[in-house]
Amino acid sequence: MFGRKRNKAIQVTKLSSLVADNLEIVGDVVFSGGLRVDGKIEGNVLGKEGERSLLVVSNRGSITGRVRVHDAVVNGRIDGDLEVEHFLELQAGARISGNIIYRQLQMDCGAVVDGQLEKAEETTADKKVVDISVAASHPARATEQ
């Protein structure tokens, strides 16, 4: 009725891999698609380069190491730097000890970050730029770059 359609920021809809709560991994994890962590990982967690990876860390999950992914939803613990290329959601149970680089951030009340938050610069592919000098002098010839 009053409807605005809400665009979901995270585009990966299924989690293809699971680190269960009875599992502990020591070593780096490289994945594509989606990864849900209910257990413990001691090592770096990296989404494959150029893919829209999604990491979900549940309230039972923990990662000790560097994390680099496209999208992330965190409700557990990460001890290490976190780099999220697109959208980061820190839920109320999130505990991050490390610096965070993000493009879009949603942080719920109760989430704790012990480190610096840094907003990543958008690349020219992520934003549309209109040349104002061309638009002002020739409105019909304004082009997007």
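Residues numbered from 1 in each chain as written. Predicted model: local features only at pLDDT ≥ 70, side-chain atom pairs only at ≥ 80, totals over all residues. Heavy atoms only, no water.

The name given to the protein chain in an unreviewed UniProt entry is Polymer-forming cytoskeletal protein, with the source organism recorded as Aromatoleum bremense. Recorded in UniProt for the protein chain, the comment headed Sequence similarities (unreviewed entry) runs: "Belongs to the bactofilin family." (UniProt positions renumbered as here; feature names shortened; annotations may be inferred.)

(A) Quick look at the pattern of salt bridges. A full pass over the atoms with the stated rule returns six salt bridges. For the salt bridge of D38 with R36, the shortest nitrogen-to-oxygen distance reads 3.0 Å. For D38, a relative accessible area of 8% gives the class buried. One salt bridge in this structure joins R60 and D38, with 3.3 Å as the shortest N-O distance. (Salt bridge = Lys/Arg side-chain N within 4 Å of Asp/Glu carboxyl O. Buried < 20%, exposed > 50% of the residue type's maximum accessible area, 1.4 Å probe, protein only.)

(B) Quick peek at the side chain of H70. If you trace the backbone, H70 turns up in strand 9 (residues 67-74). You can call H70 buried: its relative accessible area is 12%. When residues no more than four places from it in sequence are discounted, the contact partners of H70 are E51, R52, S53, V84, E85, H86 and F87. (Helix = DSSP H or I, 4+ residues; strand = E, 2+ residues; numbered from the N terminus. Contact = heavy atoms within 4.5 Å.)

(C) Looking closely at the environment of L18. Looking at where L18 falls in the secondary structure, it is placed in strand 1 (residues 17-19). Considered as a pair, L18 and V37 are 19 residues apart in the sequence and their alpha carbons are 6.0 Å apart. Once you skip the residues sitting within four places of it in the chain, L18 turns out to touch L35, R36 and D38.

(D) Structural detail: the nonpolar core. Residues L55, I63, V74 and L88 are the most contacted members of the largest nonpolar core, which totals 24 residues. When residues of this core are traced back to their parent elements, those giving at least two are strand 3 (29-31), strand 4 (34-37), strand 7 (54-57), strand 9, strand 11 (82-90) and strand 13 (100-102). Setting aside residues no more than four positions away along its own chain, L55 makes contact with F31, L35, V37, V45, I63, V67, V69, D71, A72 and V73. (Core = buried A, V, L, I, M, F, W, Y, C linked by side-chain atoms within 4.5 Å.)

(E) Quick look at the side chain of D71. You can see D71 is positioned in strand 9. R52 is the oppositely charged side chain nearest to the buried, salt-bridge-free D71, at an N-O distance of 6.2 Å. In terms of polar contacts, D71 uses its side chain to reach the backbone amide nitrogen of F87, at 3.1 Å. (Lys, Arg positive; Asp, Glu negative; His and termini not counted. Polar contact = N/O pair within 3.5 Å; in protein donor to acceptor, adjacent residues only side chain to side chain.)

(F) Main features of the sheet that holds strand 5 (residues 40-42). Judged by pairing direction, the sheet is parallel, and its six strands sit side by side in the order 2-5-8-10-12-15 without closing on themselves. Each of the sheet's edge strands pairs with one partner strand only, and the pair in question is strand 2 (24-26) and strand 15 (112-114). The sheet shows a mean angle of 5° between the axes of neighbouring strands, taken without regard to direction. One ladder, built from three bridges, connects strand 12 (residues 95-97) with strand 15; its direction is parallel. Across the sheet, residue I96 finds its bridge partner in strand 15, namely V113. (Pairing = 2+ DSSP bridges. Axes fitted to C-alpha atoms, helices over the stretch in contact; angles between N-to-C directions.)

(G) Region of the structure containing the pairing of strand 4. Relative to strand 4, strand 1 runs parallel, the two sharing three bridges. Each bridged residue has a counterpart across the sheet, and for S17 the counterpart in strand 4 is L35. When strand 4 meets strand 7, the two strands line up parallel, connected through four bridges. Residue pairing for strand 7: R36 is matched across the bridge by V56.

(H) Representation of the environment of A92 in the model. Relative to the helices and strands, A92 is located in the loop between strand 11 and strand 12. Beyond its immediate stretch of four places on either side in the chain, A92 contacts N75, D108, C109, G110 and A111.

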